[in-house]
Structures are given as structure tokens and as C-alpha cells.
Amino acid sequence: MEFCPKCASLMQIKKRGKDRVVYVCPRCKIEIERAVGRTVHAVQRTEERVTVVAGTASKLRTLPTIDVVCPKCGNTKAYYWVVQTRSIDEPSTQFYECTKCGHRWREYS
Ligand SMILES: [Zn+2]
Ligand SMILES: [Zn+2]
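Cut-off values and rules
- Residues numbered from 1 in each chain as written.
- Chains lettered and ligands numbered in written order.
- Predicted model: local features only at pLDDT ≥ 70, side-chain atom pairs only at ≥ 80, totals over all residues.
- Helix = DSSP H or I, 4+ residues; strand = E, 2+ residues; numbered from the N terminus.
- Buried ≥ 20, exposed ≤ 12 C-beta atoms within 10 Å, placed from the backbone.
- Contact = placed C-beta atoms within 7 Å.
- Core = buried A, V, L, I, M, F, W, Y, C linked by C-beta atoms within 7 Å.
- Pairing = 2+ DSSP bridges.
- Axes fitted to C-alpha atoms, helices over the stretch in contact; angles between N-to-C directions.
- pLDDT = per-residue confidence, 0-100.

Novice: What exactly am I supposed to notice about the overall build of the chain here?
Specialist: Counting its secondary structure elements, the chain contains one helix and seven strands. N-terminal to C-terminal, the α/β element order of the chain is β-β-β-α-β-β-β-β. Evaluated residue by residue, the chain yields a buried proportion of 8% over its 109 residues. Summarising the internal contacts of the chain: among those between residues at least 6 apart in sequence, 27% fall at separations of at least 24.

Encoded structure:
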């Protein structure tokens, strides 16, 4: 629910987009835009972003390596990169990719 910043009338929804809603004041016709569904959409976007970063990593091979034991083959070297999520309750996620078998896993910092 939104109230008009000018006359304080209850505003009506004029247009409902995918993540935005446009409200219009029935009295003075002011229009305002608000982002909606932040919680749900943020989670989906994070997942998309993770996929993109991981895909780029496998092609470039310019990532730093770290001494960590691969849970799959026992190798002690892995590439790593950190993905910073925008969500408050989810901290940054560290990803590893084994230099030997290519196994990928993640660790929450
Ligand atoms: Zn108004
Ligand atoms: Zn491995």
C-alpha cells in the first residue's frame, strides 16, 4: 500500500511489472514506482550469478589456487573464487575447483 506524497490519498496500482509496481494518485495523478518481491527475486538472481561466475572460471583458468583437499580425489590443490551475494542473511560464498579432477564445491565463510 502506498500513500501519495503530496495529498496523502491512498494510491492505486496503475501497472504491475515483474519487479516493479507503478502507483498513481487518484486525486492529483502523481505516479510513483516501487520495487517489489525483493526477497524472492534476490534469491533467484544470486543463483543465476553463481552459474555465470562458475562458467567463466572453467574457461579462463586464470584463478588463484589454494591448498585445500578435494573431497572427491584427495588432491591438495584447487582453484578458488569468492561470490559475494547481495542478500544480508547469506554471507559470501567461496568456491573451489579441483585442479586434478575438476570437482567443484563450495564453502560458506
Ligand atoms: Zn495526490
Ligand atoms: Zn579432485
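Novice: Where do I start with the nonpolar core in this structure?
Specialist: Generally speaking, a soluble globular protein has its nonpolar side chains buried in company with each other. Counting residues in hydrophobic clusters, the biggest one holds five residues: Cys-70, Ala-78, Tyr-79, Tyr-96 and Cys-98. Taken together, the elements giving at least two residues each to this core come down to strand E5 (77-83) and strand E6 (93-98). Not counting residues within four places of it along the chain, the set of residues in contact with Cys-70 comprises Asn-75, Ala-78, Cys-98, Lys-100, Cys-101 and His-103.

Novice: Looking at this structure, how should I read the sheet that holds strand E3 (residues 31-35)?
Specialist: In any sheet, the strands associate via hydrogen bonds between backbone groups, in a parallel or an antiparallel arrangement. Here three strands make up an open sheet; going across it, the order is E1-E2-E3 and the pairing antiparallel. Both outer strands of the open sheet, strand E1 (12-16) and E3, are each paired with one neighbouring strand and no more. Across this sheet, the average inter-strand angle for adjacent strands is 30 degrees, counted without regard to direction. Bridging between E1 and strand E2 (residues 20-24) involves four bridges; their strand directions are antiparallel. Counterpart to Gln-12 in the pairing with E2 is Val-24.

Novice: How should the confidence of the model for the chain be read in this particular structure?
Specialist: Caution applies to low-pLDDT regions: their predicted coordinates should not be interpreted in detail. The pLDDT averaged across the chain works out to 80; a share of 75% of its residues lies at or above 70. The spread of mean pLDDT over the elements of the chain runs between helix H1 (residues 38-60), the lowest at 50, and strand E4 (residues 65-67), the highest at 94.

Novice: Sorry if this is basic, but what is going on with the environment of Arg-104 here?
Specialist: For Arg-104, the position within the fold is in strand E7 (residues 104-108). Between the C-alpha atom of Arg-104 and that of Ala-78, which follows or precedes it by 26 residues, the distance is 9.0 Å.

Novice: When you look at the environment of Asp-19 in this model, what are you seeing that I'm missing?
Specialist: Residue placement: Asp-19 occurs in the loop between E1 and E2. Note: C-alpha distance between Asp-19 and Arg-34 (15 residues apart in sequence) is 8.4 Å.

Novice: Quick question: what am I supposed to make of the environment of Gly-74 here?
Specialist: Secondary-structure assignment places Gly-74 in the loop between E4 and E5. Once the C-alpha coordinates of Gly-74 and Cys-98 are considered, the two residues, 24 residues apart in sequence, prove to be 9.2 Å apart.

Novice: Explain the pairing of E3 to me, please; I cannot follow it from the model alone.
Specialist: A regular strand carries its side chains on alternate faces of the sheet. The buried fraction of E3 amounts to zero of the five residues, a small share that puts the element mostly on the outside. Hairpin connection, E2 to E3: the antiparallel pair is bridged by six residues, and Lys-29 has positive phi, about 65 degrees.

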